[in-house]
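# Coordinate analysis (summary)
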Amino acid sequence: MGRENAPEEALKLIRSRLCNPSFVFRAFSDSPESNYSKLKFIISSSVTEACNNSILLLGPRGSGKIAVLELVLKDLLLEYADMISVIRLSGLLHRDDNCAFKEIARQLCVEHQLIFSKMASFDDNSQFMIAMLRECGLAHKTIIFVLDEFDLFAQGKQRVLYSLLDAMQSITSQAVVIGVSCRLDADQLLEKRVRSRFSHRKLLFLPPSKGDIERLLEHIFSLPIDSTLPHDYAVEFNAKLQIMLADDKFKQTVNAHMNSDASVNHLSRFLFRAVSYMDLGSGFLSLENFKTALSNIQRQPKLECIKDCSVLELYVLVCMRRLEVKEKNSYNFITVMKEYKSIHDSFKTSDYYAQNVCLRAFEHLLHRELICFTDNRGYNQSVEFRPVKLLISFHELHQGLKSYRSCPGILVKLMDHEV
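Notes on the structure in this doc start here.

What counts as what
Residues numbered from 1 in each chain as written. Predicted model: local features only at pLDDT ≥ 70, side-chain atom pairs only at ≥ 80, totals over all residues. Heavy atoms only, no water. Helix = DSSP H or I, 4+ residues; strand = E, 2+ residues; numbered from the N terminus. Expected span 1.5 Å × (residues − 1). Buried < 20%, exposed > 50% of the residue type's maximum accessible area, 1.4 Å probe, protein only. Contact = heavy atoms within 4.5 Å. Patch = residues over 30% accessible without salt bridge, like charges linked within 9 Å, V, L, I, M, F, W, Y side chains within 5 Å. Areas by Shrake-Rupley, 256 points an atom, 1.4 Å probe, with all protein chains shown as cover. Salt bridge = Lys/Arg side-chain N within 4 Å of Asp/Glu carboxyl O. Axes fitted to C-alpha atoms, helices over the stretch in contact; angles between N-to-C directions. Left-handed = near helix turned anticlockwise from the far one by under 90°. Nonpolar A, V, L, I, M, F, W, Y, C, P; charged D, E, K, R; others polar. Pairing = 2+ DSSP bridges. Phe/Tyr/Trp six-rings, centres within 6.5 Å; stacked < 30°, edge-to-face > 60°. Core = buried A, V, L, I, M, F, W, Y, C linked by side-chain atoms within 4.5 Å. Lys, Arg positive; Asp, Glu negative; His and termini not counted. Polar contact = N/O pair within 3.5 Å; in protein donor to acceptor, adjacent residues only side chain to side chain.

### What to know about helix H16 (residues 311-325)
With 15 residues, H16 ought to run about 21 Å at 1.5 Å a step, and its terminal C-alpha atoms sit 21 Å apart, in line with that. By the burial criterion, the buried members of H16 are Val 311, Leu 312, Glu 313, Leu 314, Tyr 315, Val 316, Leu 317, Val 318, Cys 319, Met 320, Arg 321 and Leu 323. Just beyond H16, the residue with positive phi is Glu 327, at close to 60°.

### Brief notes about helix H18 (residues 355-368)
The end-to-end C-alpha separation of H18 is 20 Å, in line with the 20 Å expected for 14 residues at 1.5 Å each. Of the surrounding elements, those touching the buried residues of H18 are H16, helix H17 (333-347), strand E6 (371-373) and strand E7 (388-390). Where H18 terminates, the next one or two residues include Glu 369, which has phi positive at roughly 60°.

### What about a nonpolar patch on the surface?
Side chains of Leu 184, Leu 204 and Leu 206 sit close together on the surface and give an oily, nonpolar patch of about 330 Å² of accessible area. Tracing the backbone shows Leu 204 in strand E5 (residues 201-204).

### Considering the packing of helix H19 (residues 394-403) against helix H20 (residues 409-416)
If you want to describe how two helices pack, look at the angle between their axes and the distance between the axes. Running from N to C, H19 and H20 point in directions that differ by 150°, and their axes come no closer than 10 Å. Considering only the axes of H19 and H20, their crossing is left-handed. Each of Phe 394, Leu 397, His 398, Leu 401 and Lys 402 in H19 lies in contact with H20, whose residues at this interface are Leu 411, Val 412, Met 415 and Asp 416. Considered class by class, the residues forming the contact of H19 with H20 number six nonpolar, one polar and two charged.

### With respect to the environment of Asn 356
Here Asn 356 lies in helix H18. Separated by 290 residues in the primary sequence, Asn 356 and Ile 66 place their C-alpha atoms 61 Å from one another.

### Side note on the sheet that holds E5
Strand order across the open sheet formed by five strands is E2-E3-E4-E1-E5, with parallel pairing between neighbours. Two strands bound the open sheet, and with one partner strand each, they are strand E2 (84-90) and E5. Taken pair by pair, the neighbouring strands of this sheet meet at an average axis angle of 20°, ignoring direction. Of the strand pairs in this sheet, strand E1 (residues 53-58) and E5 are connected by four bridges, and their pairing is parallel. Directly across from Leu 57, in E5, lies its bridge partner Leu 203. Sitting on the sheet, helix H8 (residues 159-167) touches E1, strand E3 (142-148) and strand E4 (175-181), and the angle it makes with E3 is about 160°.

### Quick word on the packing of aromatic side chains
Aromatic rings considered in pairs are described by the distance between their centres and by the relative angle of their planes. Here the structure, examined in full by the defined rule, presents 11 aromatic pairs. Consider the rings of Phe 237 and Phe 284, whose centres lie 6.2 Å apart with planes at 35°: the pair is tilted. Here Phe 237 is found in helix H11 (residues 231-246), whereas its partner Phe 284 is found in the loop between helix H13 (264-276) and helix H14 (287-297), with 47 residues between them in sequence. Each residue in the set Phe 221, Phe 250, Phe 270 and Phe 290 is aromatic and connected to the rest through ring pairs, giving one cluster.

### A few points about the nonpolar core
In terms of nonpolar packing, the biggest core is built from 62 residues, with Ile 43, Leu 57, Phe 221 and Leu 271 touching the most fellow members. In terms of residue count, the dominant contributor to this core is helix H4 (residues 65-79) (seven residues). Excluding residues within four positions of it along the chain, Leu 271 makes contact with Leu 18, Leu 217, Ile 220, Phe 221 and Phe 290. Listed in part, the 38 residues of the second largest apolar core include Cys 358, Leu 359, Ile 371 and Leu 397.

### Describing the pairing of E2
Burial of E2 is extensive: six of the seven residues sit out of reach of the surface. Where E2 meets E3, seven bridges bridge the pair, whose relative direction is parallel. Looking at the pairing, Ser 90 lines up with Asp 148 of E3.

### Let's talk about the side chain of Arg 17
Relative to the assigned elements, Arg 17 resides in helix H1 (residues 6-18). Buried charged residue Arg 17 carries no salt bridge. Nearest counter-charge: Asp 226, at 8.5 Å. In contact with Arg 17, not counting residues within four places along its chain, are Phe 23, Val 24, His 219, Ile 220, Phe 221, Ser 222 and Pro 224.

### Considerations on the pattern of salt bridges
Enumeration over the complete set of coordinates arrives at 16 salt bridges. Here Arg 106 makes a salt bridge to Glu 103, at a shortest N to O gap of 2.8 Å. Here Glu 103 and Arg 106 lie together in helix H5 (residues 97-111), a separation of three residues that amounts to about one turn. On the basis of relative accessible area, Glu 103 is assigned to the buried category, the value being 16%.

### Quick look at the environment of Gln 107
Locating Gln 107 in the fold gives a position in helix H5. Judged by relative accessible area, which is 14%, Gln 107 ranks as buried. In the structure, Gln 107 is positioned 20 residues away from Ile 87 in sequence and 6.4 Å away in space, judged by C-alpha atoms. Here Arg 88 takes part through its backbone oxygen, which lies 2.7 Å from a polar atom of the side chain of Gln 107.

Following this line, the structure appears as structure tokens:
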């Protein structure tokens, strides 16, 4: 492959990695303390020691519960190809007892090349499942039941959960029940009869640490030096990558994104957008790619509103901010005008307008919802006398003033004084 086509191929490779959850979460599989290692140990022990088990995978959406589970099952199916059978149910689709048992029977028939009867009753399918658990146990084959949206199965009479866990009490059965849920209290939803048959094993999927994020970024972006990519290009790409990953500004950019959502899934979407800005001319990732992605993915409507404000409206916003700094618990348009006049008198600004003009600017800010009345009382009062408050934070206002091209310097100076 020529050097000129190498950046495009590298971009395709990185994008394919980001779209593959198994590859992303493989970065966390090396540690013996990882959820991958713990889950794999529990399931493999159940397979090799012919014992029954049940476990819950708990964590917020996007934390990698399903991705890690699929990674473990994929590896175990390679190790124990003839000793594992996987049955998958979802609480969104199979919450109804009859529907759930029919789906279990259908998947068991497909797995073991049997004829499935659509006309079988609830009891027929239940007895068929128990018989299959017994037969698979005698054949030293483990059936793994994956129950996605587990908390939905825990609502109602819980007959599916009870039947599964009760059937596992037999010494002839050999099964593992894995529940996946976003609710951390999913086990507390179980009835007493179901809870008594549950093993109470839980794996919590927490947001990645800073060390995990650094390892993940290197895992995703590093190019293989023994592939079809030019060797010298891959080496140079990886060298520049290490410099960028060690840059404090790069770390601040990634941390700023993670502050809004610390899930790996959210991070992957951000990284995909960042690499899409890679300059194919240079062929390397840069800090600017990630800054651009951050500014585009974190839309701030209030900052956009500030860009459309007039200079007078900016003065009103800054005056209200100064009143809040002075711990004015309640203020209105009249109070704001006094602060506006004090700024004019102190700095002799040329931007001084009549009170009726300021009132129109004040009403426009109310309409734009950058400020609002503090309560719904006082409808009979004039707008000038009703107490108001800011709906924009100091950081948003400060950034908005800095990005406003024709913003008076005195306003930025007043806001900088608070930093």
